[in-house]
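Understanding the architecture of this molecule
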Amino acid sequence: MSPRVLLVLMAWLWLVPAAASDRPLAPASVPGSQLVSAEQAIDLIGAQPNLLVIDSRRREEFDKGHVEGAINLLDTELTRQVLLKLAPSPDRPLLFYCNGERCLRSSNSARQALSWGYRKVYWFRGGWQEWIDKHLPVAR
Amino acid sequence: MISVERLSLRDATIGIALVSGLVAVALLGFSAYMFKSAAFDSQQKSVARVIEVASLEVLSQLDQRVFAVGTSLQARPEFRAGLERKLASGEDAGLLAALHEPFVNGYVGAGQLDLVKLRAYDLDLVPLAQNASAVELPPGLPPVLRQRAAGRTGADRLKAVSALWLSPRGPLYSVLLPVGGLQVKGYLEAVVDPAYNLGAVAQMTRMPVSVFGMDGRLLHQSAAPAETKDADLPVTYVLPAADGQSAFRLVGLDDVTQLRAEVWRTTAMLLAGIVLLGGLAAMAAVVFLNRFLFLPLRGMQADMERCAGGDLSATVNRRMVREFRVLADAFNLMAQQLAARIEELRLLSCRDSLTSLSNRHHFDVALALEWARVRRTGNWLSLLIIDIDHFKLYNDHYGHLGGDECLRAVGRVLAGVARRPTDIAARYGGEEFAILLPDTAADGAYGIAEAIQGEMARLRLPHAASPTSQRVTVCIGIASCSAAQCDSAQLVAAADEALYRAKHRGRNRIAVAENEG
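Residues numbered from 1 in each chain as written. Chains lettered and ligands numbered in written order. Predicted model: local features only at pLDDT ≥ 70, side-chain atom pairs only at ≥ 80, totals over all residues.

**Thoughts on the overall build of chain A**
Counted only if it meets this: By definition, any uninterrupted DSSP run of H or I lasting at least four residues is a helix, any uninterrupted run of E lasting at least two residues is a strand, and each is numbered from the N terminus. Any residue with 12 or fewer other C-beta atoms within 10 Å of its own C-beta is exposed, any with 20 or more is buried, and the rest are partly exposed; the C-beta atoms used are placed from the backbone. Contact definition: two residues whose C-beta atoms, as placed from backbone geometry, lie within 7 Å.
For chain A, the helix and strand inventory stands at 6 helices and 5 strands. Starting at the N terminus and ending at the C terminus, chain A contains elements arranged as α-β-α-β-α-β-α-β-α-β-α. Across the 140 residues of chain A, 35% fall into the buried class. Partitioning the contacts of chain A with sequence separation of at least 6, the portion at a separation of at least 24 is 74%.

Structure, rendered in structure tokens:
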């Protein structure tokens, strides 16, 4: 591959996401999961003590602050075995979130959990951005 | 009061032009002033908006930092334990110790916040404890914060609320955040002095900014310039507290050197444009008015005065603006009509109405003039006096209308004979006629007399009552003289005498005066 072709390819790879940077990346919904807001997430945490809150962001983001009680599990690290270890029963409620509208990790994780047979999957689409915008408690 | 009759069009025009010029300059000055005010007002509004945005950004950053400080403090196990002990047994030593603890942490330690107070509340926002600090605040949650925080339910109780509020010691910024994470047990209020952070507005806006309290106290001043320049425009923005009252007065000094220069440049260009264009227009107007109004008017005045002095041949020059050209045309027409009427009257006053020859009066005037000319030039002057023979009998026979017709016929003969422009044929009285022949000696006059008689013979006017002939005949007396030989009266007398002699010799005769020179 000539250096010129490489340069053009790099420019393309950089330009395409840059041009699309204003659009939300996350889907509007994940079929089979229930979409929740920050307030609904808090109510769920209070109402269902066995709710497993999964933070799909990177470790360093998680360490700066996260929803109290959440565990950090990146979508790329989420496998059926890992999830089975954390939630052996498919009836265990799961709540996924990541950075918000600009993030695909939590929707991917929710979709995977659904494909593995989990029946109570909640997706907090607004994610961390919505959480801090609403000045909700930050756990570290 | 100026009487309008004494006012000249030229003076009035110059006066109006001067007044218009002065008004234009005054208006220009006023509009330049308005333009400058508008430019500076607009600049002031823009810069005030910039300061507003910057101060809101500073408050937003402040809010995040206070929130971070509060979050880290309430997460400490000793704080949570202290709060729980206070709630359970009322023992507040642990809580107080925890409240005093954070003065070494993060933002505060790094000098990014001026933390004034930390206060703990239970779930009903009843005060539990506060740290001891140099600043004493009124007990309890600030009213505006209480308004926002009280009465919330569910997840809303977990949301941190914040407000800029007015305390007796000045404006303060409070953030109230839940303690205990998602299982809220109480609240923590972190109170900071925002004046400490508002100095950052200067860095954001890149201009010197001073922060004043509403009591006029200087709370913060950015690195001020060595001296305040004339070009600095003070811009004030009043930052309101959450309840709408004024909290801070931020005064920025905006460097308006460039704006000032642009305003001056625009004003100068406008002035130069108006002076140049106005001057050119005024010059063109002066040239035009002078050429086609004032000068022609002066000429018209002179021409009119000439006309009034009797020279009706003088016409007014009509090359001027339309209104005055119409006037000139009307005047010229009037002068022309007047000249025609005068000529008509003059002719009427010189003519004999029956024969159309000169009348006796005109003859006398002409004789005097010609005699004077003879005296001057030394030329000959001849006079013929013609009398119709037996005219009384003719009148008796043919009646007065017939007599008149005869006189007209003789008049036509005389007019036909005296053909030179200087010859004057006149009806001298009754049936007597006279012909004045300038520059003509006796022999020339005699030839004329013969021509008259020849014409009369050729005409063959019947005279049935005449004892001497069957036709109308005339007798002619001739007198001639040159310079210094006679005077006009003598000339007439000599011609009369010759006529008498001619009559005496019979009828249809010509006689020449004997004393001719």
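**Points about the sheet that holds strand β13 (residues 474-481) of chain B**
All names here are of chain B. Basically, it comes down to this: A pair of strands is considered paired only if DSSP assigns at least 2 bridges between the two. Axes here mean lines fitted to C-alpha atoms, for a helix over just the part in contact, with angles spanning 0 to 180 degrees between N-to-C directions.
Here 5 strands make up an open sheet; going across it, the order is β11-β12-β10-β13-β14 and the pairing mixed. The open sheet terminates on both sides in strands that have one partner only, identified here as β11 (424-429) and β14 (510-512). Each strand of the sheet is rotated relative to its neighbour by a mean of 20 degrees, with strand direction disregarded. In this sheet, β13 lies alongside strand β10 (residues 381-388) in antiparallel orientation, the contact comprising 8 bridges. Considered in β13, the bridge of Leu 384 is made with Ile 478. Here helix α10 (residues 360-377) sits on the sheet in contact with β10, β11 and β12 (432-438), set at roughly 130 degrees to β11. Of the strands in this sheet, β10, β12, β13 and β14 are in contact with helix α12 (residues 442-459), which crosses β13 at around 165 degrees.

**What about the environment of B:Gln336?**
Structurally, B:Gln336 is set in helix α9 (residues 322-350). The spacing of B:Gln336 and B:Ser313 is 23 residues in sequence and 7.8 Å in space, taken between C-alpha atoms.

**Considerations on the sheet that holds strand β4 (residues 94-97) of chain A**
For sheets, the rule is that strands pair by backbone hydrogen bonds, running either parallel or antiparallel. All names here are of chain A. Taken together, 5 strands build an open sheet; the order of strands is β1-β5-β4-β2-β3 and the sheet is parallel. At either margin of the open sheet sits one strand with a lone partner, and together these are β1 (34-36) and β3 (71-72). Where strand β2 (residues 52-55) and β4 come together, 4 bridges link them in parallel fashion. Its bridge partner being in β4, Ile 54 is matched across the sheet by Phe 96. Here helix α2 (residues 38-47) sits on the sheet and contacts β1, β2, β4 and β5 (121-124); the angle it forms with β1, its principal contact strand, is near 110 degrees. Docked against the sheet, helix α5 (residues 105-115) engages β2, β4 and β5, running at close to 175 degrees with respect to β5.

**Digging into the interface of chain B and chain A**
Stated formally: Each residue gets one label: Ala, Val, Leu, Ile, Met, Phe, Trp, Tyr, Cys and Pro are nonpolar, Asp, Glu, Lys and Arg are charged, and the others, such as Gly, are polar.
Contacts between chain B and chain A engage 11 residues on the former and 13 residues on the latter. The residue makeup of the side of chain B that touches chain A, split by class, is 7 nonpolar, 3 polar and 1 charged.

**Comments concerning α10(B)**
All names here are of chain B. Rules: One fewer than the residue count of a helix, multiplied by 1.5 Å, yields its expected span. Note: the arc covers the axis-to-C-beta directions of the helix.
The first and last C-alpha atoms of α10 sit 25 Å apart over 18 residues, in line with the 26 Å expected at 1.5 Å per residue. Of the residues making up α10, those classed as buried are Phe 363, Leu 367, Glu 370, Trp 371 and Val 374. Buried residues along α10 cover an arc of 105 degrees about the axis, so they all sit on one side. Counted as exposed and oriented over 90 degrees from the buried face of α10: His 361, Ala 368, Ala 372 and Arg 376. In the core, the buried residues of α10 are packed alongside β10, β11, β12 and α13 (488-504). At the C-terminal side of α10, Gly 378 shows a positive phi close to 80 degrees.

**A short note on helix α11 (residues 391-417) of chain B**
Residue and element names in this part refer to chain B. With 27 residues, α11 extends just 21 Å between its outermost C-alpha atoms, more than 12% less than the 39 Å of an ideal straight helix rising 1.5 Å per residue. Three or more residues of α11 are buried, namely Phe 391, Tyr 394, Asn 395, Gly 403, Cys 406, Leu 407, Val 410, Val 413, Leu 414 and Val 417. Close packing links the buried residues of α11 with β10, β11, β12, α12 and β13.

**Observations regarding unusual backbone geometry**
All names here are of chain B. At Ser 356, a residue that is not glycine, the phi angle is positive and equals roughly 65 degrees. Within the secondary structure, Ser 356 is located in the loop between α9 and α10. Despite not being glycine, Asn 508 has its phi angle at roughly 60 degrees, a positive value. As for its placement among the helices and strands, Asn 508 is situated in the loop between α13 and β14. Under the C-beta neighbour-count criterion, Asn 508 is labelled partly exposed, with 19 such atoms within 10 Å.

That's the geometry; what it means functionally is another story.
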